[in-house]
Structure formats: C-alpha cells, structure tokens
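Examination of the molecular architecture
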Amino acid sequence: MTMDHADIIRTSQAVAVFGANGHTGRFVVAELLRRGLKPIAIGRSIERLAEAGFPDRGVECREAAIEDDAALDRALAEAAVVINCAGPFMETADAVIGAALRAGIHYLDVTAEQPSAQATFDRHGAAAETAGVVVIPAMGFYGGLADLLVSALMDEWQDADTVEIRVALDSWLPTKGTRVTGEKNKAQRLAVNGGQLGPVPQPAAEIVSVLPAPFGRQTFVELPFSEVPLIARHIRTRELHTFLSTTALRDVRDPSTPPPQAIDETGRSAQRFVVEAIVTRGDLRRRILAQGQDIYAVTAPIICEAVQRILSGDVRDTGAKPPAAVFDAAGFLRALGSNLLVETSETSNLRA
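Note on numbering: residues in each chain are counted from 1, in written sequence order. Whole-chain, interface and lining totals are the exception, using all residues; otherwise, since this is a predicted model, local features are given only for residues with pLDDT of at least 70 and side-chain atom pairs are given and counted only at 80 or more. Values shown for side chains rest on all heavy atoms present in the structure; no hydrogens or waters enter the calculation.

1. Overview of the side chain of Asp 109
Tracing the backbone through its elements, the reader meets Asp 109 in strand E5 (residues 106-109). Burial here depends on accessible area, computed with a 1.4 Å probe over protein chains only, as a share of the maximum for the residue type. Under 20% is buried, over 50% is exposed, and the range in between is partly exposed. Residues scored as positive are Lys and Arg, those scored as negative are Asp and Glu, and His as well as the terminal groups of each chain are ignored. Salt bridge, as applied in this entry: a Lys or Arg side-chain nitrogen positioned within 4 Å of an Asp or Glu carboxyl oxygen. The side chain of Asp 109 sits in the buried core without any salt bridge; Arg 123 is the nearest counter-charge, 11 Å away. Residues count as neighbours in contact if any of their non-hydrogen atoms are within 4.5 Å of one another. In this structure Asp 109 touches Asn 84, Phe 89, Ala 93, Ile 136, Pro 137, Ala 138, Met 139 and Ile 303, once residues within four positions along its chain are discounted. Numbered from the N terminus, helices here are DSSP runs of H or I no shorter than four residues, and strands are runs of E no shorter than two.

This is the structure we're talking about:
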C-alpha cells in the first residue's frame, strides 16, 4: 500500500529550518538533532550552509530564496514542520507560511516583531484552520516564553486586572540579525491600556524592581515585543505592559556592542536573563520568575519542544494561535526544566 502526501506528512519527523545558518538557526538545528528529529537546513546559499558544518553532521541542506516560491516548495518537500529563523520576519514570514500552507505542514517562527506576529494571525488564521495545521509566530524567548509564563500564572482565572512582564539581561550582545531587524522595524509599539490594544504612551514609563542575583535592583523602561499580540489574543486583561531593563537597552542601542561570544561547546554566551511576569486579579497577585542563560540559545529548546509536541499530537487546537492556546503552559514550562529555572508565588495585593 502506498502512502499519500498527507500520510507522509503525518508520519514524517523531518523539520525544515529556514535560515538555518544564522545564529539562532544553528542552535535550533543542534537541538533538533539532540532530540532525535531530522532537521533539513534551508538557506539562500548552499555554500554557507556547508560552511556551517551541517553536512558533517548528516544534515541535508537545501537552497531557497524567500522570493522564489517554487524553490521554497521544493525545500519543504517531505517535511512535517517548518521553523522560520530568518528575520526580519515582516520580510520572510508571509512567504514561508504560504509555502507551509501549500505543503499542508505546520509553521513556527521566532519573531520578536509585533507587526509580524499580528499579521500572521490576521492573514493566515483562516487558511491554517482550514488546512488543520498549527501556525505559531514568536515561539521563542521574545513572545512565546512570556505567553507561556503568563498563561501558567492565569491557571483557572478567566481574566486579569493587570499583566506586567519585566525582562532583565545582564548584557545584550546582539546578533547581526537583531541589529538589522531593529533598524528596519520602526512600527509603533503596542500595549493594552484600559482593555484596548494601542500605542505605548510616550515618553515610555520607567519602573524599578528587585530581582534575584546577579541582577538585584533594576531599572526598566516600557518596551514591548511580540508577547503583547500573543497574550492579547487569548487573555482578557485591562492592562498589559512589558518592560526591558535599561542595561539591555543601552547595549542593544550601542553600535559598538560586540556580537555574542561562545563560552562552551554548545555555543552559548555567558549572558544571563530573568523574565518576571506579574498578574493581578482583585486582591490576588501572582508572580513567576524564569531564569536562564543566553536568550538566543534558549530559544532552541523552546521552539523544539513545541515541534516535538506538535509531531506527537499533543496540541489543544490548530490554526494560527499563540503558544499557550495550543499547548498546556504549565506542562510545557516543566519540560524546559533543564534550560529554565522557574519559580511561582501568590500573595495578596494588599501586602505586595
């Protein structure tokens, strides 16, 4: 008995990685291999893919440019999922999602860009639902992690009064891709104010918070990323605001800040991070902290855990959805235990 295309996709463990030779893409390919999955490395240049060492690890390499639909279709052949690691995502997401939908396969990306995440939901939701596939933007450190943390805090709550996210980095050594995206992404940042999604008021608010070592007392400025359109998509709250530590902001805005430098055999940098999420409802205040090393490296286990769950059928829904609308947030975070230290607490607002 021969298998049709849909049967091949359902049984395939092949995961296409678009932008595989980029900084994050290399971490993703390595994590897929560690999990026993079959990565297919895709990039504009077969030579650059070879220079990244993929053939030496038995990884099939395929060449495709974002402007070439036929090449993208060939590159996704026999894959069950495609992970898009090539930003700026406002320039790449539509084309790769289109190819994924034509192939009838799942799509995930790691965008930190609010307009890209929002456009993915708005433009591709109906087609993804019809195709019965999962399309998840921002399944990485920026975006997906905060969505999972906030959703785990919400638990049985149906709505919240306020949601606040604070991201502290002891340094931000930006990749070339981060710099290019920052230069091109001039869209107005959005938050939820009074229950409505709208522009972040200017000048941006500043707050101070005391975090665990090595951070201590930190100053933050309101600077939301792709977590806002994700969370706002499925959580009702009167206020939703994200703050970035001024240390990180200073680094990423300084053109002389060097790119990440590997300190171990996995390629991770020494950078440490902590994400704090606080949700309030009535008199109750819930708080969760997630700590780890290297925001680019930790994106790999986050997105590969999502892929593994999709391939095993461990999903709540299909269509273009935020991570926590597809996966059990608390269980997902527990599965990342070797990469994230997560602590939760609940107090009365009157004593917070």
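2. Quick look at helix H2 (residues 23-34)
Owing to its 3.6 residues per turn, the α-helix aligns residues three or four sequence positions apart on the same side. Each residue after the first adds 1.5 Å to the expected span of a helix. Between the first and last C-alpha of H2 there are 17 Å, a value that for 12 residues agrees with the 16 Å anticipated at 1.5 Å per step. Considered for burial, the residues of H2 that qualify are Thr 24, Gly 25, Phe 27, Val 28, Val 29, Glu 31 and Leu 32.

3. Some thoughts on unusual backbone geometry
Peptide bonds are trans in most cases, and residues, glycine excluded, mostly fall at negative phi. Cis peptide bonds are those with omega within 30 degrees of zero, and the linkage from Gln 202 to Pro 203 qualifies with 0°. You can see Pro 203 is positioned in the loop between strand E9 (196-199) and strand E10 (206-211). Residues Ala 213 and Pro 214 are joined by a peptide bond in cis, for which omega reads 10°. Relative to the assigned elements, Pro 214 resides in the loop between E10 and strand E11 (216-222). Backbone geometry places Ala 138, a non-glycine residue, at a positive phi of 60°. Position of Ala 138 relative to the elements: it lies in the loop between strand E6 (134-136) and helix H7 (144-154). A relative accessible area of 0% places Ala 138 in the buried class.

4. A few points about a positive patch on the surface
What makes a patch is a set of residues exposed beyond 30% relative accessible area and free of salt bridges, joined within 9 Å when like-charged and within 5 Å when nonpolar (Val, Leu, Ile, Met, Phe, Trp, Tyr). Surface accessibility in these figures is a Shrake-Rupley result with a 1.4 Å probe; residues are shielded only by whichever protein chains are displayed. A charge is said to be at NZ when it belongs to Lys, at CZ for Arg, at CG for Asp and at CD for Glu. A cluster of basic residues, Arg 26, Arg 48, Arg 57 and Lys 176, forms a positive patch on the protein surface. Note on Arg 26: relative accessible area 39%, which makes it partly exposed.

5. Here's the deal with the packing of aromatic side chains
Note on aromatic pairs: the rings of Phe, Tyr and Trp (six-membered ring only in Trp) are paired at centre separations within 6.5 Å, and the planes decide the class, stacked below 30 degrees, edge-to-face beyond 60, tilted for the rest. With the rule as written, the count across this model stands at 6 aromatic pairs. A ring pair is formed by Phe 141 and Tyr 142, whose centres lie 4.9 Å apart and whose planes are at 85°; its orientation type is edge-to-face. For the pair shown, Phe 141 and Tyr 142 are each scored as buried. Each residue in the set Phe 141, Tyr 142, Trp 172, Phe 225 and Phe 273 is aromatic and connected to the rest through ring pairs, giving one cluster. Note on criteria: charge over ring means Lys NZ or Arg CZ within 6 Å of the ring centre, with the direction from the centre no more than 35 degrees off the ring normal. The residue whose ring lies beneath Arg 189 is Phe 225, and the NZ or CZ to ring-centre distance is 5.1 Å. The ring of Trp 157 has Arg 286 lying over it, and the distance from NZ or CZ to the ring centre is 3.9 Å.

6. Here's the deal with the sheet that holds E5
Hydrogen bonds between backbone atoms are what pair the strands of a sheet, whose relative direction is either parallel or antiparallel. Overall, parallel pairing links the 7 strands, which are arranged E3-E2-E1-E4-E5-E6-E15 in an open sheet. For this open sheet the edge positions go to strand E3 (60-63) and strand E15 (319-320), each flanked by a neighbour on one side alone. At least two bridges found by DSSP between two strands is the condition for calling them paired.

7. Describing empty space enclosed by the protein
Two kinds of site are reported from a 1 Å grid over the protein atoms alone, namely cavities, where a 1.4 Å probe fits but cannot get out, and pockets, open sets with protein on both sides within 12 Å along at least five of seven lines, and residues are called lining when an atom falls within 4 Å of a point. Grid points are joined across faces, edges and corners, and a volume is the space filled by probe spheres set on the points. Per the stated rule, a full pass over the model turns up 4 cavities of 30 Å³ or more. As for the largest cavity, its lining consists of Phe 141, Tyr 142, Gly 143, Leu 145, Ala 146, Ile 165, Val 167, Phe 225, Glu 227, Thr 242 and Val 275. At the level of elements, H7 and strand E7 (159-169) are the ones that each hand at least two residues to the lining of the largest cavity. Nonpolar residues are Ala, Val, Leu, Ile, Met, Phe, Trp, Tyr, Cys and Pro. Charged residues are Asp, Glu, Lys and Arg, and all others, Gly as well, are polar. Of the residues contributing to the lining of the largest cavity, the split by class is 8 nonpolar, 2 polar and 1 charged. Here the second largest cavity is characterised by a volume of approximately 50 Å³. Forming the walls of the second largest cavity are Phe 89, Met 90, Ala 93, Asp 94, Ser 116, Ala 119, Thr 120 and Arg 123. At the level of elements, helix H5 (89-103) and helix H6 (114-131) are the ones that each hand at least two residues to the lining of the second largest cavity. Considered class by class, the residues forming the lining of the second largest cavity number 4 nonpolar, 2 polar and 2 charged.

8. A short note on the layout of surface pockets
Each pocket or cavity is described by its volume, and for the second largest pocket that value is around 550 Å³. Forming the walls of the second largest pocket are 20 residues, and the residues nearest its centre are Phe 27, Glu 31, Thr 266, Arg 268 and Ala 297. Contributing elements (two or more residues each) for the lining of the second largest pocket: H2, strand E14 (284-293) and helix H11 (295-312). Sorting elements by how many residues they give to the lining of the second largest pocket places H2 first, with 6 residues. For the lining of the second largest pocket, the class distribution of residues is 7 nonpolar, 6 polar and 7 charged.

9. Description of the nonpolar core
Judged by nonpolar contacts, the single largest core of 109 residues is most densely connected at Met 139, Phe 141 and Ile 165. At 12 residues, H11 tops the list of elements feeding residues into this core. With near-sequence residues (within four places) excluded, Phe 141 lies in contact with Val 167, Leu 169, Phe 273, Val 275, Ile 295, Val 298, Thr 299 and Ile 302. We define the nonpolar core as a collection of buried residues of types Ala, Val, Leu, Ile, Met, Phe, Trp, Tyr and Cys that are connected through side-chain atoms lying within 4.5 Å of one another. In terms of nonpolar packing, the next biggest core, distinct from the first, is built from 7 residues, Ala 168, Phe 215, Val 274 and Leu 289 among them.

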